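Commentary on secondary and tertiary structure
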Protein chains: 2
Amino acid sequence: MKHMHKQENLSKNQQIVLDYIEKVNEPIKAYSILHNVQKKGIKAPLQVYRALDKLVEIGKIHKIESRNAFVACKNSSCQLSKATAFSICESCEEVSEISDNKLSKYLKSFQDKAGMKFKKYNLEFFGLCKKCSIK
Amino acid sequence: MKHMHKQENLSKNQQIVLDYIEKVNEPIKAYSILHNVQKKGIKAPLQVYRALDKLVEIGKIHKIESRNAFVACKNSSCQLSKATAFSICESCEEVSEISDNKLSKYLKSFQDKAGMKFKKYNLEFFGLCKKCSIK
DNA sequence: GTGTTAATTGTTATAATATAACATTGTGTA
DNA sequence: TACACAATGTTATATTATAACAATTAACAC
Ligand SMILES: [Zn+2]
Ligand SMILES: [Zn+2]
Ligand SMILES: [Zn+2]
Ligand SMILES: [Zn+2]
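Throughout what follows, the structure given in this document is the object of discussion. (Residues numbered from 1 in each chain as written. Chains lettered and ligands numbered in written order. Predicted model: local features only at pLDDT ≥ 70, side-chain atom pairs only at ≥ 80, totals over all residues. Heavy atoms only, no water.)

1. Description of the overall build of chain A
Under the convention used in this document: For helices the rule is a DSSP run of H or I covering at least 4 residues; for strands it is a run of E covering at least 2, with both sets numbered from the N terminus onward. Under the scheme applied here, a residue whose accessible area is under 20% of the maximum for its type counts as buried, over 50% as exposed, and between as partly exposed, the area being computed with a 1.4 Å probe on protein chains only. Computed with the Shrake-Rupley method and a 1.4 Å probe, the accessible areas treat only the protein chains shown as cover for residues.
Tallying secondary structure elements over chain A gives six helices and five strands in all. Secondary structure elements in chain A, listed N-terminal to C-terminal, are α-α-α-β-β-α-β-β-α-β-α. Expressed as lengths along the three principal axes of its C-alpha atoms, the size of chain A is roughly 50 × 45 × 25 Å. Every one of the 135 residues in chain A was classed for burial, and the buried ones make up 42%. Taken as a whole, chain A presents about 8400 Å² of accessible surface, with 51% of it coming from carbon and sulfur.

2. With respect to the interface of chain A and chain B
Selection criterion: Residue contacts follow a heavy-atom distance rule, with two residues in contact if any of their heavy atoms lie within 4.5 Å. Here the quantity called buried area is the total loss of accessible area, with a 1.4 Å probe, experienced by two parts when brought into contact, counted for both. One speaks of a salt bridge when a side-chain nitrogen belonging to Lys or Arg is within 4 Å of a carboxyl oxygen belonging to Asp or Glu. Identification of polar contacts relies on pairs of N or O atoms within 3.5 Å, with a donor-acceptor requirement for protein atoms, meaning one able to donate a hydrogen and the other able to accept it, and with residues adjacent in sequence counted only if both atoms are side-chain atoms. All residues other than Ala, Val, Leu, Ile, Met, Phe, Trp, Tyr, Cys, Pro, Asp, Glu, Lys and Arg, Gly among them, are scored as polar; the first ten of these are nonpolar and the last four charged. If DSSP finds at least two bridges between two strands, the strands pair.
Contacts between the two partners involve 34 residues from chain A, matched on the other side by 34 residues from chain B. Counting the surface lost from both chain A and chain B, the interface buries some 3000 Å², and carbon and sulfur atoms represent 62% of this. The largest share of the area that chain A buries against chain B comes from Y106, M116 and F125 of chain A, three residues that together contribute 19% of it. Counting across the interface, chain A meets chain B through four salt bridges. In this structure, K119 of chain B and E90 of chain A form a salt bridge, with 3.7 Å as the shortest nitrogen-oxygen distance. Remark: the boundary between chain A and chain B carries 14 residue pairs in polar contact (both at pLDDT 80 or more). In terms of residue count, strand β5 (residues 117-128) of chain A provides more of the side of chain A that touches chain B than any other element does, 12 residues in total. Split into classes, the residues belonging to the side of chain A that touches chain B amount to 16 nonpolar, seven polar and 11 charged. The sheet contact formed by β5 of chain A and strand β5 (residues 117-128) of chain B spans 11 bridges and is antiparallel. Residue pairing across strands places N122 of chain A opposite E124 of chain B, the latter belonging to β5 of chain B.

3. Points about the coordination of the zinc ion (ligand 2)
When a metal carries six donors in an octahedron, the ideal angles between them are 90 or 180 degrees, while four donors in a tetrahedron ideally lie at 109.5 degrees. Residues and elements named next belong to chain A. Rule in force here: Ligating atoms shown are N, O and S within 2.8 Å of the metal, or 3.2 Å for Na, K and Ca, and water is not included, meaning a site may look less than complete. By the criteria applied here, four donors are tetrahedral when all angles lie between 85 and 135 degrees, four are square planar and six octahedral when opposite donors are over 155 degrees apart and every other angle lies between 65 and 115, and any other arrangement is irregular.
Looking at the metal site, the zinc ion (ligand 2) is ligated by C89 (SG), C92 (SG), C129 (SG) and C132 (SG), spaced 2.3 to 2.4 Å from it. With four donor atoms in place around the zinc ion (ligand 2) and angles of 105 to 112° between them, the coordination shape is tetrahedral. Of note, the zinc ion (ligand 2) draws all its donor residues from one chain, in the sequence arrangement C-x2-C-x36-C-x2-C.

4. With respect to the coordination of the zinc ion (ligand 1)
Residues and elements named next belong to chain A. Coordination of the zinc ion (ligand 1) by the protein is provided by H62 (NE2), C73 (SG), C78 (SG) and E97 (OE), with metal-donor distances spanning 2.0 to 2.3 Å. Read in sequence order, the donor residues coordinating the zinc ion (ligand 1) give the pattern H-x10-C-x4-C-x18-E. With a gap of 11 residues between them, H62 in strand β1 (residues 61-64) and C73 in the loop between β2 (69-72) and α4 (78-81) connect regions that are remote in the sequence. C73 carries the same exposure label as H62, and that label is buried.

5. Re the relation of the copies chain A and chain B
Here is the rule we go by: In this comparison the copies share one frame, found by least squares on the C-alpha atoms of residues holding pLDDT of at least 70 in both.
When chain A is fitted to chain B, the best match, at an RMSD of 0.0 Å, comes from turning it 180° and sliding it 0.0 Å along the axis. Both chain copies can therefore be described as sitting about a two-fold axis. Every residue of chain A has its C-alpha some distance from the rotation axis, and the shortest such distance is that of L123 of chain A, at 2.1 Å. When the interface residues of chain A are mapped onto chain B, 100% of them are again interface residues, pointing to one common binding face.

6. Quick look at the environment of N68 of chain B
Tracing the backbone through its elements, the reader meets N68 of chain B in the loop between β1 (61-64) and β2 (69-72). In this structure the C-alpha to C-alpha distance between N68 of chain B and C78 of chain B, which are 10 residues apart in sequence, comes to 19 Å.

7. Side note on the pattern of salt bridges
Charged atoms that come close allow side chains of opposite charge to pair. Enumeration over the complete set of coordinates arrives at eight salt bridges over all chains. Close ionic contact of E90 of chain A with K120 of chain B constitutes a salt bridge, the shortest N to O distance being 3.3 Å. Taken together, the positions of E90 of chain A in the loop between β3 (83-89) and β4 (95-97) and K120 of chain B in strand β5 put the pair across two chains. For E90 of chain A, a relative accessible area of 30% puts it in the partly exposed group. The network of salt bridges with shared partners includes E90 of chain A together with K119 and K120 of chain B.

This is how it looks when you write it as structure tokens:
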């Protein structure tokens, strides 16, 4: 067990940012996070972006690429798999993480024609949520 | 033929931007497009972004969300379907559009548990292309 | 303890991406 | 002609993200 420099626990800033993202429980943007954690001592965008990078890397949060927003993971397996899927309502912007074994199994085993080796994927579905469909 | 305000042809700026994107034949960023079409008379970012919006809307190009880049469509059916999938090499950044009937059929018919009505999706796979795997 | 390494933080400045607002011009059709 | 709508031109600004560098902290080996 030599040079095992892999941290078990989150650092101070990482924990502050994660706590806030988990509290709001919906996709949130980096600068909005910044404004809301300034009372905790985080002053600069880079402090937020660095925490976000780490949290994404370890699977605690995900980036909704089409929205430039970040959301807490609801799916324990993401910390390992890096396989993410979301449904996004184009009307109310509600986002939910899809957890579907069949879907993830299918996509993890997908082979493209060019013989590429996939390590991860991100899938975003767009449409209307139930509430917005009725209106 | 009444009130048929749906244009058949691209406008001048839209055509300039599309021509350039098709010529480079790889994902390219908005400001890079701007620099390269200034000789054609396009001077401001907004002129590029407006053309890009339209071209994405009609399926002539796609946005690679994780890269903030735009690429010409290689798949005639995208003008209708809005169902896109890409493979992205994390080493050389090569991007190719996946055209796989089984995959698109599977995803188009996917139903999430919340009963959302999907109109489109975007899927991005990440990994190493054949060339970069060898190295 | 000391020394070593990597991770994290703090800070200022700047780069890169994208949109707001408003006036004007072009295009198809009644 | 007049109308509706799409597209353009222009300036300014908003939003998202990173570069560069110095300082501090945490984990481990010896
Ligand atoms: Zn997750
Ligand atoms: Zn909705
Ligand atoms: Zn396409
Ligand atoms: Zn490659």
